[in-house]
Amino acid sequence: MARFLVVVIILVAIGYLGYKYLLGPGDVPPADSKAAATAKSDDAKSDASKNSAAEKTVTPGEKAAADAAPATAVNTDLAQSGVKAKLEAAKDVKVTGEKISKMLPTETVNLGDPSLTGGIPGEGDLTDEQMDKWLAEPKNHVVLKPELSLGLKAGEGEINGLDDNPLTRSKIELGRQLYFDPRLSSDFSISCASCHDPAKGYASDTRFGVGVHGQEGGRNSPVAYNRILSGAQFWDGRAKSLEDQAKGPIANPIEMSNTHEACVKCLNGIPGYVRQFKKVFTDGLTIDNVAKAIASFERTLVTGPTPWDYHLERKKLETAFAADLEDLEAFKKEDPENYDKYAKAKEASDKHPISESAVRGGELFFSQKAGCTACHVGANFTDEKYHNLGVGMDAEKPDLGRYEITKVEKEKGAFKTPTVRNVAMSAPYMHDGSQKTLEEVVEWYAKGGHPNQWLDEKIKKLELSDQDKKDLVAFMKEGLTGELPKVNTGRLLPDAEKAKEKSEKNLPQELKEAGAK
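Because the structure is predicted, anything quoted here is derived from the model rather than measured. (Residues numbered from 1 in each chain as written. Predicted model: local features only at pLDDT ≥ 70, side-chain atom pairs only at ≥ 80, totals over all residues. Heavy atoms only, no water.)

(A) The arrangement of the overall build of the chain in detail. Of the regular secondary structure elements, the chain holds 22 helices and 4 strands. Within the chain, the proportion of its 517 residues that are buried is 46%. If you take every contact in the chain between residues at least 6 apart in sequence, the share linking residues at least 24 apart comes to 71%. With an accessible surface of roughly 27200 Å², the chain has 55% of that area assigned to carbon and sulfur atoms. (Helix = DSSP H or I, 4+ residues; strand = E, 2+ residues; numbered from the N terminus. Buried < 20%, exposed > 50% of the residue type's maximum accessible area, 1.4 Å probe, protein only. Contact = heavy atoms within 4.5 Å. Areas by Shrake-Rupley, 256 points an atom, 1.4 Å probe, with all protein chains shown as cover.)

Laid out in structure tokens, this is it:
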């Protein structure tokens, strides 16, 4: 009898839950549905009346923004896309990307995945149809939890900026388009990529950055990769975040020579941007959201594993399983899991060989004899601090770097430690681009920098042989060079490609060779 009662109770519970969640109130019209429909109709008429009145005074930019709104709302039929939504998602089919993001579970992705930086699928300039279809996919608004590959992975705890600006595919893609669009500058000639070019290691081969009208700055363009592991930006750390850094060059008179207001006005006149900003950000197109989008794209630019990373992984396992490796067959049979780890590490290392000179250079790099890790430390080979190396301090009016920001006496002439990952791709070197080669950089450190009263205490003369110096250079050139993400530099909004081509064609030859001056 007791079992019978339990079965009855279970059946009743199933019936109740089925009614509530499958056939419940959400599927049955309320008793006062007619009144509700009438009220909704009146509200719609009122809204239409207000919109009609507003149209009489709209500006051209506002009209472009209004016209840019897609005819269909963002698709929130999440079950069809394979992404499970929270129950609230079905209640509002006209939500923006940020609201959709809050409804969806996060997704773990590996930074360096080409799908993050490959652009919206298709050929040529972006079209409204392609863009709307892509924006309508809920998966493109999912908040991404980034993971880093071998080497950088040890620095995942240093990831910056995602609490205030979560990554999503739609935000990354918008930032990618903005990064390569010269229309952010006052004369449509300079984009972020002009000074941080993927083909030049996300830096520039000129000594100083070159802006509109061929104006030169006073500092070398720092690399734009691995910024996700960095808080403060620029050589002097004046930008507290990557978002602040993204806004800076737009209004800098020597770089893009624009104003934030004029930049936003320009972008508001491009329907494709208005369309995307409306779907990606709750408050649409603002200069802060321009910066958030660009920063999101830049956070996906990370260096891949290097021959040194693979070498260290193999060496670590060889040390841990030294006794087992004396009999590989027994190791494979008795401990297949760890044998498999070792076999994969060996295979990866063999596919990314490193010379004996580079290995010696790596060991020297981490030794007290060379002392490189006094500043170039951690997964990204930088302490993220500021040091005076004596570079440029013999000038009549030297660049005082960090001091100009903090006004702390001991920080005169101090500049931020750059990463040495992929450093072989971003010559010339130092904050003023004064060192043309890595050989010159090693010589500078070996002689103990240039003496001045603020010289960092960590900078000391080194007793290095000629072979030591060659080995250090081999380590940086060969051992620390990994793949960069595959980025689509095209697939931009109409006319952006033409503006980019025109700026490149009109750039005087002497500016291209500015680094040689």
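(B) Quick peek at the pattern of salt bridges. By the definition in use, this model includes 28 salt bridges. Here Asp181 makes a salt bridge to Arg183, at a shortest N to O gap of 3.0 Å. Through salt bridges with shared partners, a single ionic network connects Arg219, Asp236, Arg238 and Asp399. (Salt bridge = Lys/Arg side-chain N within 4 Å of Asp/Glu carboxyl O.)

(C) Fine view of helix 16 (residues 336-351). A rise of 1.5 Å per residue sets the reference length of helix 16, with its 16 residues, at 22 Å; its end C-alpha atoms lie 22 Å apart and thus fit the reference within 8%. Listed as buried for helix 16 are Asn338, Tyr342, Ala345, Ala348 and Ser349. The buried side chains of helix 16 occupy one side of the element, clustering within an arc of 130 degrees when seen end-on. In helix 16, the exposed positions that point more than 90 degrees away from the buried face belong to Pro336, Lys344 and Lys351. Close packing links the buried residues of helix 16 with helix 14 (307-320) and helix 15 (328-334). (Expected span 1.5 Å × (residues − 1). Arc of directions from axis to C-beta.)

(D) Quick look at the nonpolar core. In this structure, Leu178, Tyr179, Leu267 and Val290 are the most contacted members of the largest nonpolar core, which totals 56 residues. Those elements that provide at least two residues to this core are helix 7 (128-135), helix 8 (169-179), helix 9 (192-195), helix 10 (242-251), helix 11 (260-268), helix 12 (271-280) and helix 13 (287-299). The next biggest cluster of nonpolar side chains, apart from the first, holds 29 residues, and it includes Trp308, Ala358, Leu438 and Val441. (Core = buried A, V, L, I, M, F, W, Y, C linked by side-chain atoms within 4.5 Å.)

(E) Focus on the packing of aromatic side chains. For the structure on display, the rule yields 12 aromatic pairs. Their ring planes at 65 degrees and their centres at 5.6 Å tell us that Phe365 and Phe366 sit as a pair that is edge-to-face. Since its relative accessible area comes to 2%, Phe365 is described here as buried. We classify Phe366 as partly exposed; its relative accessible area is 42%. The rings of Trp308, Phe365, Phe366, Phe381 and Phe475 are connected pair by pair, giving a single aromatic cluster. If you follow Arg238 out to its NZ or CZ, it ends over the ring of Phe234, 3.8 Å from the centre. Arg402 extends its terminal NZ or CZ atom over the ring of Tyr386, reaching a point 4.3 Å from the ring centre. (Phe/Tyr/Trp six-rings, centres within 6.5 Å; stacked < 30°, edge-to-face > 60°. Lys NZ or Arg CZ within 6 Å of the ring centre and 35° of its normal.)

(F) Highlighting the environment of Asn422. Take Asn422: it is sitting in the loop between strand 4 (415-416) and helix 19 (438-446). Judged by relative accessible area, which is 0%, Asn422 ranks as buried. Expressed as a C-alpha distance, the spacing of Asn422 and Gly201, which sit 221 residues apart in the sequence, is 7.5 Å.

(G) A negative patch on the surface, seen in detail. On the surface, a cluster of negative charge is contributed by Asp324, Glu326, Asp327, Glu329 and Glu334. For Asp327, the location among the structural elements is in the loop between helix 14 and helix 15. The class of Asp327 is partly exposed, set by a relative accessible area of 43%. (Patch = residues over 30% accessible without salt bridge, like charges linked within 9 Å, V, L, I, M, F, W, Y side chains within 5 Å. Lys, Arg positive; Asp, Glu negative; His and termini not counted. Charge placed at Lys NZ, Arg CZ, Asp CG, Glu CD.)

(H) The pairing of strand 2 (residues 144-147), seen in detail. Burial along strand 2 is one-sided: Leu144 and Pro146 are buried, while Lys145 and Glu147, pointing the other way, are not. Two elements, strand 1 (residues 107-110) and strand 2, share 4 bridges in a ladder whose sense is parallel. In the strand pairing of strand 2, Asn110 is matched with Glu147. (Pairing = 2+ DSSP bridges.)

(I) Main features of the state of the cysteines. Taken as a whole, this structure holds 0 disulfides when the rule is applied. Free of any disulfide, Cys192 has its nearest cysteine sulfur in Cys195, 9.2 Å distant. Cys192 gets classed as buried once you look at its relative accessible area, which sits at 13%. (Disulfide = S-S within 2.5 Å.)

(J) Representation of the environment of Thr306 in the model. Examined against the element boundaries, Thr306 turns out to sit in the loop between helix 13 and helix 14. Judged by its relative accessible area of 0%, Thr306 is buried. Look past the residues within four positions of Thr306 in its chain and what remains in contact with it is Arg421, Gly479, Leu480, Thr481 and Gly482. A polar contact of 3.0 Å, which involves the side chain of Thr306, links it to the backbone oxygen of Gly479. (Polar contact = N/O pair within 3.5 Å; in protein donor to acceptor, adjacent residues only side chain to side chain.)

(K) Broad picture of unusual backbone geometry. In this structure, Pro428 follows Ala427 across a cis peptide bond, with omega equal to 0 degrees. One non-glycine residue, Phe234, adopts positive backbone phi at about 80 degrees. With respect to the element layout, Phe234 can be found in the loop between helix 9 and helix 10. Its relative accessible area of 18% is what places Phe234 among the buried residues. Its identity is not glycine, yet Glu384 carries a phi of approximately 60 degrees, on the positive side.

(L) Examining the environment of Glu107 more closely. Considering the arrangement of structural elements, one finds Glu107 in strand 1. Separated by 61 residues in the primary sequence, Glu107 and Thr168 have C-alpha atoms spaced 9.4 Å apart. Not counting the four nearest positions on each side in its chain, Glu107 is found in contact with Val142, Val143, Leu144, Lys145 and Arg169. There is a polar contact of 3.0 Å between the side chain of Glu107 and the side chain of Arg169.

(M) Highlighting helix 13. Look at helix 13: 18 Å from first C-alpha to last across 13 residues, which is about the 18 Å you get at 1.5 Å a residue. Helix 13 sits mainly inside the fold: 11 of its 13 residues count as buried. Within the sequence span of helix 13, burial applies to Ile287, Asn289, Val290, Ala291, Ala293, Ile294, Ala295, Ser296, Phe297, Glu298 and Arg299. Packed against the buried residues of helix 13 are helix 6 (114-117), helix 8, helix 9, helix 10, helix 11 and helix 12.

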